[in-house]
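Each chain, written out:
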Amino acid sequence: MPQHSRISTTFARALATGAIAVAASGLLVGCGSDDSTATSTPSATTTTAAATSSATESSAPAPSGSATSSAPVTSPGQAATAPPEQPEEVPGDFPGPSEVPVSADGQRFLAALKDKGIEPAADGTMAVSTADFICQSKAEGKSDADTMVFVTAMVGSEAAAAGKELSQEQATADAQTYVDVAHATYCK
C-alpha cells in the first residue's frame, strides 16, 4: 500500500473518530443533567409490612418490636481486597518509533516547499501527510474547492504545531502552494 494511501486512511480514521466523539458528547450533554433523583441513602433493611405479609401467608405471628429488621451485612470479596498486581515493565520502543521515516518522494516534496518559502513543522511528517491527502483527493476526483478547505485547515494545524500563527490569507496562500507542489513533485 503506498505511503500516501496509508497516511490518508489514518487521517480519515482520525477524522471519523473525532466526529463520532463530538456526536456522542453532544448526545450525552443533551440527555444528562446535574440533578439527582435520589432523596435518601439506600439501606439494607426491610419494612414490617413485608415481614407481616409474609408472616400472614405462613400463619405465623407477626414480629413484635422494631419497625424494621436489618439484613445481614456482607464484606467485599477477595478480588476487591486483593493487593494490586505488580505492573509490567514498559518496552523501550513503546508506543513505537517517535519519528516516522519520510520517503524519497516526501523528501522531494519537503525540499520543494522550502524552495517556495514554507518551512514544514518538526520532521515534515505533517506536511507529507497533507501531500498524501492532496494526492488521494485528486485520485478520488474531489473538487479543488473541497480539497482546499481541508488543506487550509491542515496547513493551519501544522503552523500551530510549529508555534506559528497564520492569517486566513496566509493559510490559504500556503495551502495553494502545498497543492501546487504536491501535484508537481509528489502525486503520481
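Scope of this entry: the structure provided in the associated data block. (Residues numbered from 1 in each chain as written. Predicted model: local features only at pLDDT ≥ 70, side-chain atom pairs only at ≥ 80, totals over all residues. Heavy atoms only, no water.)

1. Looking at the nonpolar core
What counts, and what does not: Buried residues of nine kinds, namely Ala, Val, Leu, Ile, Met, Phe, Trp, Tyr and Cys, make up a nonpolar core once their side-chain atoms join them within 4.5 Å. Categorising residues by exposure relies on relative accessible area from a 1.4 Å probe, with only protein chains included: less than 20% of the type maximum marks a residue as buried, more than 50% marks it as exposed, and the intermediate range marks it as partly exposed. Contacts are residue-level and defined by heavy atoms, with any inter-residue pair within 4.5 Å sufficient.
In this structure, Phe109, Leu113, Val151 and Tyr178 are the most contacted members of the largest nonpolar core, which totals 23 residues. With near-sequence residues (within four places) excluded, Tyr178 lies in contact with Phe109, Leu113, Ile118, Ala127, Thr130, Ile134, Val151, Val155 and Glu158.

2. Here's the deal with the state of the cysteines
Our working definition: Note that a disulfide, as used here, is simply two cysteine sulfur atoms within 2.5 Å. Only DSSP runs of H or I reaching four residues or more are called helices, and only runs of E reaching two or more are called strands; each is numbered from the N terminus.
The full count for this structure, using the stated rule, is one disulfide. Covalently, Cys135 is tied to Cys187 through a disulfide, its sulfur atoms 2.0 Å apart. The sign of the -95 degrees torsion about the S-S bond sets the Cys135-Cys187 disulfide as left-handed. Here the residue Cys135 occupies a position in helix H5 (residues 125-139), and Cys187 occupies one in the segment after helix H7 (168-186), the gap between them amounting to 52 residues. The exposure class of Cys135 is buried, given its relative accessible area of 8%. Using a relative accessible area of 17% as the deciding quantity, one classes Cys187 as buried.

3. Section: the packing of helix H4 (residues 104-115) against H7
Note the threshold: An axis is simply a line fitted to the C-alpha atoms; with a helix, the fit covers only the stretch in contact. Between two such axes, the angle follows the N-to-C directions and lies from 0 to 180 degrees. When describing relative orientation, an angle under 35 degrees is termed roughly parallel and one over 145 degrees roughly antiparallel, while 65 to 115 degrees is termed roughly perpendicular and anything else oblique. Handedness of a crossing follows from how the near helix is turned relative to the far one, being left-handed for an anticlockwise turn of less than a right angle and right-handed for a clockwise one.
Where H4 contacts H7, the axes come no closer than 9 Å and their chain directions differ by 135 degrees. As judged from the angle between their axes, H4 and H7 are oblique. Along this stretch, H4 crosses H7, giving a crossing that reads as right-handed. Of the residues in H7, those touching H4 at Asp105, Gly106, Arg108, Phe109, Ala112 and Leu113 are Thr177, Tyr178, Val181, Ala182, Thr185 and Tyr186.

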